[in-house]
Amino acid sequence: MKHHLSSLLFVLSVLYIAKQSGCYKILAIVPSPSYSHQIPYRRLWLELHKRGHEVVLATADPIPNIKSPNFTQIDISQSYGIIKKLDYVQMRFEGKRWLDIVEEKLLSVTKVFAETVLNSTELRELYAPESNATFDVYLTEVLYAPATYAFAHRFNVPIIGLSSVGLIAFNEHALGGLVLPSHEYTWEMEDNTGTNLPFLKRLRNFVNMWYNIYHYYHVLIPNQQKLAEKYFGPLPPMLDVLKNVSLLFINQADVMIAARPKLSNIITYTSSHIEKKLTPLHKNLQAFLDGATNGFIYFSLGSNARSASLPLEIRRVFCDVFAKLPYRVVWKFEEDFPGKPDNVYIGKWFPQQTILAHPNIKLFIYQGGLQSSEETVYYGVPVLGFAIFADQDYQVARMEALGMGKYLEITTLKRDELENAITELITNKKYKERILYIRNVVQDTPLDPVENLAWWTEYVIRTKGAPHLRSSLAFQPWYQRYDMDIVVFLTITIFLIASITFYLISKIVVYIHKKMKSTEKQKTS
């Protein structure tokens, strides 16, 4: 009996040690104070914790009701103050392009995001020179705050990059990927992309994109380097740290993006934030939706753009059209709205997924946010899109290209085009059928997306950064990467050969011409 008991204890001890050896310490920081930038990763943090790993998460939107010694949340939501000062709707109506917004406003704003992280009391204690804290991997957003990559150097750990807006062109270039200024995937060019574009439009895209990338290399990176060294002291170039990113977790469904070559260390996923248990509706709203015998429309511009910022004449266009429709309308509107039609229900916030899941819904009018696109596909609701900023032009254009909705420009909206678009989307069954088909394609996967991300996270740790997945092009000069020196050499060589050949031919022609003239003179004389 004693022998069996000691054997059992030995086995349990071995299993315990094995379990402990497979438990990793994970640091995760998502600097952007935007719910749509935070929510796509929540299930991943919970899944990593569920697997027994210790998670330290710095987030602007802490997960409620987490009480575990192995899950530490650091609140960096104070940076919400500066982002709320940006009026993206007004910028849209002023005709501001995204690259201009980034250069004029967002680069200085994202510096505040980065400093909020670096100056956090809890994080400063964590990365202080005398701190004994250790980690096995660092997950962080790769957008416009490269100063935060310094944590990877401080703890000597591999980086996994996160993005909920695809991969911006600067990061694509820095990591050795292709930069295609006029390709549909390049959302930073907004509505200027497409196939078979005219030469001048492609030329403008080329100049604007490469100027933007040059600006990042020579302004953004040096400024962020100084910011990081202000807190960490001397550091290797943050650009080199970025180039050594092990994996990229990109929030996008492959079926919903324009196909193009992508880096081998990119792992895509989608719809990780879809709720398994829907938030109940307020009883008044529930009654309003249940009583919509002809169906209802849901209208929201998301969490970063405000319907209340729409110009009065555009609001009136929506109101006039809504009043004529036989459908009820739920409109996320952030202020009091005197004079709204009787069939319109307004509120500052709604549980969007619960509304999209309601059986009476007919149409979703939205701004083209990625998470909203994922939700509307999941619940099978056609869309009418009005892009406001960032990747929203691309998202709405893709929804239209895939046959799941229509795209209208909100700054020039007319009553008849709005009414016609709504009527077409609700009465023509092809939009509903198409979105249900795309939903089936999205969900046709052998793996749970979040469990797959968790596995890859552990894989990066086990393989000491998975260096075999990184593109070696990231460390080549730009002119070698695209063989531009060879192109220039061949161009000059061909030009010289052509010039010399033309010169010799002209000399021969002139010589022959002179010879013939002198022969003719001799004959006449």
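Reading the values: the criteria
- Per chain, residues are indexed from 1 in the order of the written sequence.
- Note on the predicted model: pLDDT of at least 70 is required for a residue's local features to be given, and 80 or more for side-chain atom pairs to be given and counted; whole-chain, interface and lining totals, by contrast, use all residues.
- To get the side-chain values, take all heavy atoms of the structure and skip hydrogens and water.
- Definitions used throughout: a 1 Å grid over protein atoms alone; a cavity as a set of points that fits a 1.4 Å probe which cannot get out; a pocket as an open set with protein on both sides within 12 Å along at least five of seven lines; a lining residue as one with an atom within 4 Å of a point.
- Grid points are joined across faces, edges and corners, and a volume is the space filled by probe spheres set on the points.
- Following the grouping adopted for this structure description, the nonpolar residues are Ala, Val, Leu, Ile, Met, Phe, Trp, Tyr, Cys and Pro, the charged ones are Asp, Glu, Lys and Arg, and the polar ones are all others, Gly among them.
- These domain limits were set by an automatic method or by a database of domain assignments.
- Note on contacts: a residue pair is in contact if any heavy atoms of the two residues lie within 4.5 Å.
- Summed over both partners, the accessible surface that disappears when two parts come together, traced with a 1.4 Å probe, is what is meant by buried area.
- When a carboxyl oxygen of Asp or Glu lies within 4 Å of a side-chain nitrogen of Lys or Arg, that pair is called a salt bridge.
- Comment: elements are numbered from the N terminus, with helices defined as DSSP H or I runs of at least four residues and strands as E runs of at least two.

(A) View of empty space enclosed by the protein. For the structure on display, the rule yields four cavities of 30 Å³ or more. The space that makes up the largest cavity amounts to roughly 70 Å³. Lining the largest cavity are S164, V165, G166, Y185, W187, N251, Q252, L370, D391, Y394 and Q395. Among the residues making up the lining of the largest cavity, the classes are represented as five nonpolar, five polar and one charged. Residues from two domains meet in the lining of the largest cavity; each of domain 1 (21–269 + 466–478) and domain 2 (283–443) gives at least three. Approximately 50 Å³ is the volume found for the second largest cavity. In terms of lining, the second largest cavity is formed by L167, A169, E172, L178, V179, L180, Y185, T186 and R260. A breakdown of the residues in the lining of the second largest cavity according to their chemical character gives six nonpolar, one polar and two charged.

(B) Examining the domain arrangement of the protein chain more closely. When the domains of the protein chain are assigned, the result is domain 1 (21–269 + 466–478) and domain 2 (283–443). Relative placement of domain 1 and domain 2: their C-alpha centres are 30 Å apart. Contacts between the two partners involve 23 residues from domain 1, matched on the other side by 29 residues from domain 2. Approximately 2,400 Å² of surface area, both sides summed, lies buried where domain 1 meets domain 2, with 63% of it carried by carbon and sulfur atoms. Interface area lost by domain 1 to domain 2 is led by R92, F93 and M256, which between them contribute 33%. At the surface where domain 1 touches domain 2, the tally comes to three salt bridges. One salt bridge in this structure joins R92 and D393, with 2.8 Å as the shortest N-O distance. In terms of residue count, the dominant contributor to the side of domain 1 that touches domain 2 is helix α5 (residues 88–93) (four residues). Considered class by class, the residues forming the side of domain 1 that touches domain 2 number 14 nonpolar, four polar and five charged.

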